[in-house]
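Here are the chains, one letter per residue:
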Amino acid sequence: MPIAAGANGALAVNLGYQFNYALPSNLSQLEPTGPRGRVRRGAERPGTGLDLVDVYLSLEDTLQRHGWGDARQCMLRTICELAEAPLHGRADHVLEEIIHLLLTPSEDGGGDGPLRQYEQAELLGRSGAGQCGATYAGCLGSPLDAFTVLAAPP
């Protein structure tokens, strides 16, 4: 880049930059970019610290603080009612997918363990018996009804 000077001459400046990047030579060198979420039982990584039971306990604490009655009964009722009448909206609705994943314990792999009572609530709802409210009467209402609307099938 020439710079004009006075009558005695000119000054020229030349700058060069070099950038070096360590590019991966194959796909296995790339780090995973997605969030690390749930892990199937039996394949747990040490230090992850978050599983579906922790989410349910946190939701139960929230229900308890907001006066829904027996929080465990409310959580079980919510899971049961969602299994009885699943959300059926647009296929690309992210919030519905999140609600489905969180409130469907069978999506976590199933089996015995701390999720067993939640899975039993889901099975009761899937049976279509319509007994979610009566079975989980310790809950003062339906938390699911607080943020969804039951629509009649077309």
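Scroll up to find the structure this text is about.
Residues numbered from 1 in each chain as written. Predicted model: local features only at pLDDT ≥ 70, side-chain atom pairs only at ≥ 80, totals over all residues. Heavy atoms only, no water.

**Quick notes on the packing of aromatic side chains**
Inspection of the entire model under this criterion finds 1 aromatic pair. Both rings, one in Tyr56 and one in Tyr118, keep their centres 4.5 Å apart while their planes meet at 45°; by these two values the pair is tilted. Of this pair, Tyr56 sits in helix α1 (residues 52-65) while Tyr118 sits in helix α4 (residues 116-126), and the two are 62 residues apart along the sequence. (Phe/Tyr/Trp six-rings, centres within 6.5 Å; stacked < 30°, edge-to-face > 60°. Helix = DSSP H or I, 4+ residues; strand = E, 2+ residues; numbered from the N terminus.)

**Points about the packing of helix α2 (residues 71-84) against α4**
Remark: α2 packs on α4, axes separated minimally by 7 Å, with the N-to-C direction vectors making an angle of 40°. The angle between α2 and α4 falls in the class oblique. Regarding α2 and α4, the two cross each other, and that crossing is right-handed. Of α4, the residues touching α2 (which contributes Arg72, Met75, Leu76, Ile79, Cys80, Ala83 and Glu84) are Gln117, Tyr118, Ala121, Glu122, Leu124, Gly125 and Arg126. Counted by class, the contact of α2 with α4 contains 8 nonpolar, 2 polar and 4 charged residues. (Axes fitted to C-alpha atoms, helices over the stretch in contact; angles between N-to-C directions. Parallel < 35°, antiparallel > 145°, perpendicular 65-115°, else oblique. Left-handed = near helix turned anticlockwise from the far one by under 90°. Contact = heavy atoms within 4.5 Å. Nonpolar A, V, L, I, M, F, W, Y, C, P; charged D, E, K, R; others polar.)

**Describing the pattern of salt bridges**
Counted according to the given criterion, the structure contains 5 salt bridges. Ionic pairing is found between Asp61 and Arg65, a salt bridge with its closest N-O pair at 3.2 Å. Placement of the pair is Asp61 and Arg65 together in helix α1, with a separation of 4 residues, close to one helical turn. For Asp61, a relative accessible area of 40% corresponds to the partly exposed category. On the basis of relative accessible area, Arg65 is assigned to the exposed category, the value being 56%. Residue Glu119 is joined to Arg116 by a salt bridge in which the shortest nitrogen-to-oxygen separation is 3.7 Å. (Salt bridge = Lys/Arg side-chain N within 4 Å of Asp/Glu carboxyl O. Buried < 20%, exposed > 50% of the residue type's maximum accessible area, 1.4 Å probe, protein only.)

**Comments concerning the nonpolar core**
Counting residues in each nonpolar core, the largest one holds 20 residues, and the members touching the most others are Tyr56, Met75, Ile79, Leu103, Leu115, Tyr118 and Ala121. For this core, the elements supplying multiple residues, two or more each, are α1, α2 and α4. Counting residues per element, this core draws most heavily on α2, at 7 residues. (Core = buried A, V, L, I, M, F, W, Y, C linked by side-chain atoms within 4.5 Å.)

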